[in-house]
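The primary structure of each chain is shown beneath.
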Amino acid sequence: MAILPIVTYPAPILETACQLVTVFDRKLTKLLNDMYDTMLAADGVGLAAPQIGIAQQIAIVDIGDRHGRIELINPVIVEQGGEQIGPEGCLSFPGLFGEVKRFQYVKVRAQNRRGRPFEIEATGFLARALQHEIDHLHGILFTSKVIRYYEEGEFEQ
């Protein structure tokens, strides 16, 4: 497995809408594994392909709960509801944290590494992480949704 360099803002790829994945092969499997290792090495809970310079709809989320590693290929939010406001950061914005309003509940339809469709329902922090990563795949950054930025030292991850 490889630890990949993380792209930081203001790289243009971070604000680019990503292409759908149409080929599910060993190269994709290796990329997913490398993305996971990269996310863990950076102490993150999610990583989207544009954050490693790849404009494809691929994201990984692992918040350390019972769901474990969630691989999302071509994800779409098909249901959402409620509201939550909470802290977010981003590996592409080191040291920057802010309060962001998100849906409390989401149902996401995506494909796995073999191209098989699946759905996942999430609330709370997992719902927040899924929304954050899916936004990345559409070129939307959390900074565009921040209600209030935390002062240095006010929020520690």
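These numbers were taken from a predicted model, which means no experiment stands behind them.

## Regarding the packing of aromatic side chains
The full count for this structure, using the stated rule, is 2 aromatic pairs. Look at Tyr9 and Phe93: their rings are 5.0 Å apart centre to centre, the planes differ by 20 degrees, and that puts the pair in the stacked class. Linking Tyr9 in the segment before helix 1 (26-41) with Phe93 in the loop between strand 4 (84-89) and strand 5 (97-102), this pair joins segments that are 84 residues apart in sequence. Relative to Phe142, the ring of Phe93 has its centre 5.7 Å away and its plane inclined at 80 degrees; by these criteria the two rings are edge-to-face. Taken together, the residues span a long stretch of sequence, with Phe93 in the loop between strand 4 and strand 5 and Phe142 in the loop between helix 2 (124-136) and strand 8 (146-149) at a distance of 49 residues. By relative accessible area, Phe142 is classed as buried at 2%. When the ring centre of Tyr36 is taken as origin, the NZ or CZ atom of Arg69, which lies over that ring, is 4.3 Å away.

## Topic: the layout of surface pockets
Estimated volume of the second largest pocket: approximately 200 Å³. Take the lining of the second largest pocket: its biggest share by element is 3 residues, from helix 1. When grouped by side-chain class, the residues that make up the lining of the second largest pocket number 7 nonpolar, 2 polar and 2 charged.

## Some words on the side chain of Asp135
Within the secondary structure layout, Asp135 lies in helix 2. Setting aside residues up to four positions removed in sequence, Asp135 forms contacts with Arg102, Ile140 and Lys145.

## Here we look at helix 2
Taking 1.5 Å of rise per residue, 13 residues should cover 18 Å, and helix 2 covers 19 Å from first to last C-alpha, within 8% of that figure. Across the 13 residues that make up helix 2, a large majority, 12, are buried. Listed as buried for helix 2 are Gly124, Leu126, Ala127, Arg128, Ala129, Leu130, Gln131, His132, Glu133, Ile134, Asp135 and His136.

## Quick notes on the sheet that holds strand 4
Two pairing modes exist for strands in a sheet, parallel and antiparallel, and in both the strands are linked by backbone hydrogen bonds. If you trace the 3 strands from one edge of the open sheet to the other, you get 4-5-8, paired in antiparallel fashion. Of all strands in the sheet, those bounded by a partner on one side alone are strand 4 and strand 8. Strand-to-strand twist across the sheet, computed as the mean angle between neighbouring axes with direction ignored, equals 30 degrees. This element, helix 2, spans strand 4 and strand 5 of the sheet and lies at about 60 degrees to strand 4.

Cut-offs and rules
- Residues numbered from 1 in each chain as written.
- Predicted model: local features only at pLDDT ≥ 70, side-chain atom pairs only at ≥ 80, totals over all residues.
- Heavy atoms only, no water.
- Phe/Tyr/Trp six-rings, centres within 6.5 Å; stacked < 30°, edge-to-face > 60°.
- Helix = DSSP H or I, 4+ residues; strand = E, 2+ residues; numbered from the N terminus.
- Buried < 20%, exposed > 50% of the residue type's maximum accessible area, 1.4 Å probe, protein only.
- Lys NZ or Arg CZ within 6 Å of the ring centre and 35° of its normal.
- 1 Å grid on protein atoms, 1.4 Å probe; cavity = no way out; pocket = protein on both sides within 12 Å on 5 of 7 lines; lining within 4 Å.
- Points joined across faces, edges and corners; volume = space filled by probe spheres on them.
- Nonpolar A, V, L, I, M, F, W, Y, C, P; charged D, E, K, R; others polar.
- Contact = heavy atoms within 4.5 Å.
- Expected span 1.5 Å × (residues − 1).
- Pairing = 2+ DSSP bridges.
- Axes fitted to C-alpha atoms, helices over the stretch in contact; angles between N-to-C directions.

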